[in-house]
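Remarks on the overall topology
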Amino acid sequence: MRVARLAHETDFGGWREAARRLRAEGVAPDGVLWIVDGGGSLFAADAEPEAATAAGCVESRESVGFTVSRDFLGVAERAVLHRSEERFGLLYRLLWRLRREPRLMRDASDPDVWRAQALARDVNRAAHKMKAFVRFRSARDAAGEAFVAWFEPAHRVVEATAPFFARRFANMRFSILTPDVCVHWDLRSLSFTPGADPADAPRADALEDYWRTYYASIFNPARLKVDAMTKEMPKRYWRNLPEAALIPDLIANAQDQTRQMVAAPASKPARRIAGVPRAGAAAPSDDPPRSLEAVAAGVSGCRRCELWRDATQGVAGEGAGAARIMFVGEQPGDQEDLAGRPFVGPAGQLFDRALAQAGVPRDAAWITNAVKHFRHELQGKRRIHKTPSAGQVSACRWWLDAERALMRPKVIVALGATAALGVMGKAIPVGRLRGAPIVLADGAQGVVTWHPSYMLRLRDAAAKAAAFEGFVADLKMAWSLAA
Ligand code: URA
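Described below are features of the structure shown in this document. (Residues numbered from 1 in each chain as written. Predicted model: local features only at pLDDT ≥ 70, side-chain atom pairs only at ≥ 80, totals over all residues. Heavy atoms only, no water.)

1. Observations regarding the site of the ligand
The full set of residues close to the ligand is Gly329, Glu330, Gln331, Pro332, Gly333, Glu336, Pro342, Phe343, Asn369 and His451. Note that an oxygen atom of the ligand is positioned 2.7 Å from one of the backbone N or O atoms of glutamate 330. In isolation the ligand has 240 Å² of accessible area, and contact with the protein removes 94% of it. (Near = heavy atom within 4 Å. Polar contact = N/O pair within 3.5 Å; in protein donor to acceptor, adjacent residues only side chain to side chain. Areas by Shrake-Rupley, 256 points an atom, 1.4 Å probe, with all protein chains shown as cover.)

2. With respect to helix α5 (residues 111-133)
Here α5 contains 23 residues, and its C-alpha end-to-end distance of 32 Å stays within 8% of the 33 Å for a straight helix at 1.5 Å per residue. Buried within α5 we find Asp112, Val113, Ala116, Ala118, Leu119, Ala120, Val123, Ala126, Ala127, Lys129, Met130 and Phe133. In this fold, the buried residues of α5 make contact with α3 (70-79), α4 (87-100), α6 (158-168), β5 (174-177) and α8 (226-232). Here α5 starts with a cap whose side-chain oxygen sits 2.9 Å from the backbone nitrogen of aspartate 112, and that cap is aspartate 110. (Helix = DSSP H or I, 4+ residues; strand = E, 2+ residues; numbered from the N terminus. Expected span 1.5 Å × (residues − 1). Buried < 20%, exposed > 50% of the residue type's maximum accessible area, 1.4 Å probe, protein only. Contact = heavy atoms within 4.5 Å.)

3. Things to note about the layout of surface pockets
Rolled over the atoms, a probe sized like a water molecule indicates the empty space that remains. Quantified by volume, the second largest pocket comes out at close to 490 Å³. In terms of lining residues, the second largest pocket is bounded by 18 residues, among which Tyr215, Ile218, Phe219, Met229 and Met233 are the most central. Mapped by element, the contributors of at least two residues to the lining of the second largest pocket are α5, α7 (207-218) and α8. Here the residues of the lining of the second largest pocket are counted per class, giving ten nonpolar, two polar and six charged. (1 Å grid on protein atoms, 1.4 Å probe; cavity = no way out; pocket = protein on both sides within 12 Å on 5 of 7 lines; lining within 4 Å. Points joined across faces, edges and corners; volume = space filled by probe spheres on them. Nonpolar A, V, L, I, M, F, W, Y, C, P; charged D, E, K, R; others polar.)

4. Remarks on the environment of leucine 350
Note on placement: leucine 350 falls in helix α13 (residues 346-358). Overall, leucine 350 belongs to the buried group, its relative accessible area being 1%. Measuring from C-alpha to C-alpha, the distance between leucine 350 and aspartate 209 comes to 9.8 Å, with 141 residues separating the pair along the chain.

5. Re the packing of aromatic side chains
Under the definition given, this model contains 19 aromatic pairs. Considering the side-chain rings of phenylalanine 327 and phenylalanine 351, the 5.4 Å spacing of their centres and the 75 degrees angle between planes classify their relative orientation as edge-to-face. With phenylalanine 327 in strand β9 (residues 325-329) and phenylalanine 351 in helix α13, this residue pair connects regions lying 24 residues apart in the sequence. By the burial criterion, phenylalanine 327 is buried, and phenylalanine 351 matches it. Pairing phenylalanine 343 with phenylalanine 351 gives two aromatic rings, centres 5.0 Å apart and planes at 50 degrees, and the pair type is tilted. When sorted by exposure, phenylalanine 343 lands in the same class as phenylalanine 351, which is buried. An aromatic cluster of three or more residues is present, and its members are Phe12, Trp15, Trp34, Phe72, Phe88, Tyr92 and Trp96. Here arginine 23 stacks its cationic end above the ring of tryptophan 96, 4.1 Å away from the centre of that ring. Above the plane of the ring of tyrosine 237 lies arginine 236, whose end atom (NZ or CZ) is 5.3 Å from the centre. (Phe/Tyr/Trp six-rings, centres within 6.5 Å; stacked < 30°, edge-to-face > 60°. Lys NZ or Arg CZ within 6 Å of the ring centre and 35° of its normal.)

6. Considering helix α14 (residues 390-407)
Along its 18 residues, α14 runs 25 Å from first to last C-alpha, staying within 8% of the 26 Å computed at 1.5 Å per residue. At arginine 397, α14 shows its strongest bend, of approximately 40 degrees. Taken as a whole, α14 has its buried residues at Gln392, Val393, Cys396, Trp399, Leu400, Ala402, Glu403, Arg404 and Met407. Residues of α14 that are buried in the fold lie against α11 (292-300), β9, β10 (366-369), β13 (411-415) and α15 (417-424). Just past α14, the residue arginine 408 takes up positive phi, approximately 50 degrees. (Bend = angle between axes of the 7 residues up to and from the residue.)

7. Quick look at the environment of isoleucine 412
Take isoleucine 412: it is sitting in strand β13. For the pair isoleucine 412 and threonine 193, spaced 219 residues apart in sequence, the C-alpha separation works out to 48 Å. Discounting chain neighbours no more than four positions away, the residues touching isoleucine 412 are Met326, Val328, Arg404, Val423, Leu440, Asp442, Ala444, Gln445, Gly446 and Val447.

8. Quick word on the sheet that holds strand β15 (residues 445-449)
Picture the strands of a sheet paired through backbone hydrogen bonds; they go either parallel or antiparallel. Overall, mixed pairing links the six strands, which are arranged β8-β10-β9-β13-β15-β14 in an open sheet. Taken across any chain shown, the strands that pair with only one partner, and hence form the sheet edges, are β8 (318-319) and β14 (438-439). With four bridges connecting them, β9 and β13 associate as parallel partners. Of the residues in β13, the one forming a bridge with methionine 326 is isoleucine 412. On the sheet, α15 packs against β9, β13, β14 and β15 and is oriented at approximately 140 degrees with respect to β13. Across the sheet, helix α18 (residues 461-482) is in contact with β9, β13 and β15; its angle to β15 comes to roughly 170 degrees. (Pairing = 2+ DSSP bridges. Axes fitted to C-alpha atoms, helices over the stretch in contact; angles between N-to-C directions.)

9. Thoughts on the pattern of salt bridges
Evaluation of the coordinates by the stated rule reveals 23 salt bridges. Across the pair arginine 383 and aspartate 337 runs a salt bridge whose closest N-O atoms are separated by 2.9 Å. Note that arginine 383 is positioned in strand β12 (residues 382-385) and aspartate 337 in helix α12 (residues 334-339), a separation of 46 residues in sequence. An identical accessibility class is assigned to arginine 383 and aspartate 337; each is buried. Between arginine 362 and aspartate 352 there is a salt bridge whose closest N-O contact spans 2.9 Å. Taken together, the residues span a long stretch of sequence, with arginine 362 in the loop between α13 and β10 and aspartate 352 in helix α13 at a distance of ten residues. When salt bridges with common partners are traced through the structure, they connect Arg93, Arg97, Glu101, Asp110 and Asp112 into a single cluster. (Salt bridge = Lys/Arg side-chain N within 4 Å of Asp/Glu carboxyl O.)

Have a look at this one:
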């Protein structure tokens, strides 16, 4: 029996060299024992792996007598990352057979080919899950903000997947800790250190509560398919996913919730009030409102565009009438439409938290929207947010301009692109305007920043935390301008 030693668990280069030598010497697959040195750690491999034979490395086509197809190499490179013990022997067996059966890799019914392809598929899936399920947490060190994630990959895909994270989070210092190996990005290069322990990763951070609230709010019990869901999000990953703690309850309550939804009378909120102005609504008029109360009454009875037809009610601004700072959102969401108040749903909760961190008391500000009715479309019984059109924003500027004229705030903060359009009258990408105040036509300082929903929608915790931090910084800057 010949012993082929490999330096570590993912030593594809070592396997290739040893396999070439063994094949050139005519050593049959069942005469080789594949051993991984150093307890499987990439970092225990100080010494060169012991050669499988004393013969020199045989690399040329002549001495090996054949070349292998790209098909084989593609499968082998991935299969080596599998945790299965059989992988090196299986791949050598395929290599051995390829000499006599050059088209072997095309025979998917061959048990060896089928198994190697299955290993490669498992590895690809594990890499995909790593890209989807790594959840970073914010961590600060002497060099400043950094992000750390704990992840337990199904197979040894960390090094192969690391370049994806470096590209995706090029501007963030991060570490991904795993039991096999840890990867670090310092904004310039990737480096690797030995595997770590879950205790080395930071504890849950507060933003995860918002992510959970959002996850629960988009969960539709009527569409639940547990098998499909657990296939997409296998249980082995749950323990490191903040949202996974909600899943058992969401599943357990889904049937009841669905029954209640089905039993509930049809609830198309739009129809509840169609054409019926609320108490206190003012008849449509072209006279500029003279007070904030008149704005609220005007918004209730507004017919300046068609959005009133499907909304429960118009949502006027609220806050301190003499506020030095005005925050402008996009439009009321589902919960704001029902409550008749701006920013009370999930985006509002995130906004409140950012305001608190920035030291801005909500009741010292005026909070309003560029568009005062909820634009949405029905999907079943759900009302799905739809971005207001430029025409609707323009029609609603009547009210925003009235609020601005009556209050004359020192600073106006536009939350997102639609708000910026409402405030400035032209479409400008948020990224271009963020960070520096501009003087608006009425002399107020304009600050453009993200909309809170943008942060709710970001799935990646690192991106979410970085955006939230930038958002808080923008609010602080705006507040200091208002002082
Ligand atoms: N999003 C907004 O833009 N405004 C709200 O009032 C709520 C959510």
